[in-house]
Amino acid sequence: MGAIFMAPYIARADQAAALQALRDGEAVLMMRHALAPGTGDPSNFQVDDCSTQRNLNETGREQARAWKPFLAEHGITEARVFSSQWCRCLDTATEMDMGKVTEWTSLNSFFRNRSQGPAQTRETIERVNGLGDGAPVILVSHQVNTTALTGIFPSSNEGVILALPLSDSPEILARVSP
């Protein structure tokens, strides 16, 4: 019975340690975009036209904005932010207001073409591991990308903190959301 009461404390301690590792450059935050109602993309999807995509609703924008104060509580006030080119990811990254947003094609969704997943996942791992020292790293992507790397099926606006260096079987430090 004591373990049941200890579980929330252990989870908070793990989360605090994971956020410390993120702040110290020993981990990366990979997250699913904030709430964009629906599944997949419309058949007329075009990466350079947000009107053809599933987009954040107002709740999603509020979710994305919640990251800034959440991370600031843990001493993270700016980050290197890398995003999928999908509008819902770019909007999540921008609304987070943690720093300049850089597009990475390796973070683009492969929901429609799962065969691209392994190559994109390897590229993401290589790109992250090739980054030099600097501000914490945040990756804004999709459920399929996060699941392919971590085995975790994240909710909208949920992140996974992964120990560096990344590998095909990364060490998962915590699941987080503001």
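Fair warning: this is a prediction, and the values are worked out from it, not measured in the lab.

On to the overall build of the protein chain. Per the secondary structure count, the protein chain includes 6 helices and 6 strands. Counting helices and strands in the order they occur from the N terminus, the protein chain gives α-β-α-α-β-α-β-α-β-α-β-β. Principal-axis analysis of the C-alpha atoms gives the protein chain an extent of 55 × 35 × 35 Å. For the protein chain, the accessible surface area stands at approximately 8700 Å², while carbon and sulfur atoms represent 52% of it. On the protein chain, the mean spot of the 15 positive side-chain charges and the mean spot of the 20 negative ones are 4 Å from each other.

Our focus in this paragraph is the layout of surface pockets. The space that makes up the largest pocket amounts to roughly 230 Å³. For the largest pocket, the lining is made up of 16 residues, of which G25, R80, L131, G132 and L164 are closest to its centre. Of the residues belonging to the lining of the largest pocket, the class tally is 9 nonpolar, 4 polar and 3 charged. Approximately 160 Å³ is the volume attributed to the second largest pocket. Lining the second largest pocket we find 13 residues, and of these R32, G40, R54, F111 and Q143 sit closest to its centre. Of the residues assigned to the lining of the second largest pocket, the class counts are 3 nonpolar, 7 polar and 3 charged.

To continue, consider the environment of L131. Note on placement: L131 falls in the loop between α5 (117-130) and β4 (137-141). Separated by 81 residues in sequence, L131 and C50 have C-alpha atoms that sit 29 Å apart. Apart from the residues within four sequence positions on either side, L131 is in contact with R80, F82, W104 and V137.

Attention now goes to unusual backbone geometry. Working note: non-glycine residues mostly have negative phi, and peptide bonds are mostly trans. Residues L164 and P165 are joined by a peptide bond in cis, for which omega reads -5 degrees. The backbone of D97 sits at a positive phi, close to 55 degrees, despite the residue not being glycine. Residue D97 is classed as partly exposed on the basis of its relative accessible area, which comes to 49%. Non-glycine residue N157 carries a positive phi angle of around 70 degrees. The topology assignment puts N157 in the loop between α6 (143-150) and β5 (159-163).

For the rest of this paragraph, the subject is the sheet that holds strand β1 (residues 27-32). An order of β3-β2-β4-β1-β5-β6 is seen for the 6 strands of this open sheet, with the pairing classed as mixed. Strand pairing shows two members of the sheet lacking a second neighbour, β3 (101-103) and β6 (172-176), which therefore form its edges. Geometrically, the sheet is characterised by an average inter-axis angle of 25 degrees between neighbouring strands, direction not taken into account. As judged from the 5 bridges shared by β1 and β4, these two strands associate in the parallel manner. Of the residues in β4, the one forming a bridge with M30 is L139. This element, α6, spans β1, β4, β5 and β6 of the sheet and lies at about 140 degrees to β1.

Moving on, we get to the state of the cysteines. Summed over the entire model, instances satisfying the criterion amount to 1 disulfide. Considering cysteine sulfurs only, C87 is the nearest to C89, which forms no disulfide, with 9.4 Å between them. The exposure class of C89 is buried, given its relative accessible area of 0%.

Conventions and cut-offs
Residues numbered from 1 in each chain as written. Predicted model: local features only at pLDDT ≥ 70, side-chain atom pairs only at ≥ 80, totals over all residues. Heavy atoms only, no water. Helix = DSSP H or I, 4+ residues; strand = E, 2+ residues; numbered from the N terminus. Areas by Shrake-Rupley, 256 points an atom, 1.4 Å probe, with all protein chains shown as cover. Lys, Arg positive; Asp, Glu negative; His and termini not counted. Charge placed at Lys NZ, Arg CZ, Asp CG, Glu CD. 1 Å grid on protein atoms, 1.4 Å probe; cavity = no way out; pocket = protein on both sides within 12 Å on 5 of 7 lines; lining within 4 Å. Points joined across faces, edges and corners; volume = space filled by probe spheres on them. Nonpolar A, V, L, I, M, F, W, Y, C, P; charged D, E, K, R; others polar. Contact = heavy atoms within 4.5 Å. Buried < 20%, exposed > 50% of the residue type's maximum accessible area, 1.4 Å probe, protein only. Pairing = 2+ DSSP bridges. Axes fitted to C-alpha atoms, helices over the stretch in contact; angles between N-to-C directions. Disulfide = S-S within 2.5 Å.

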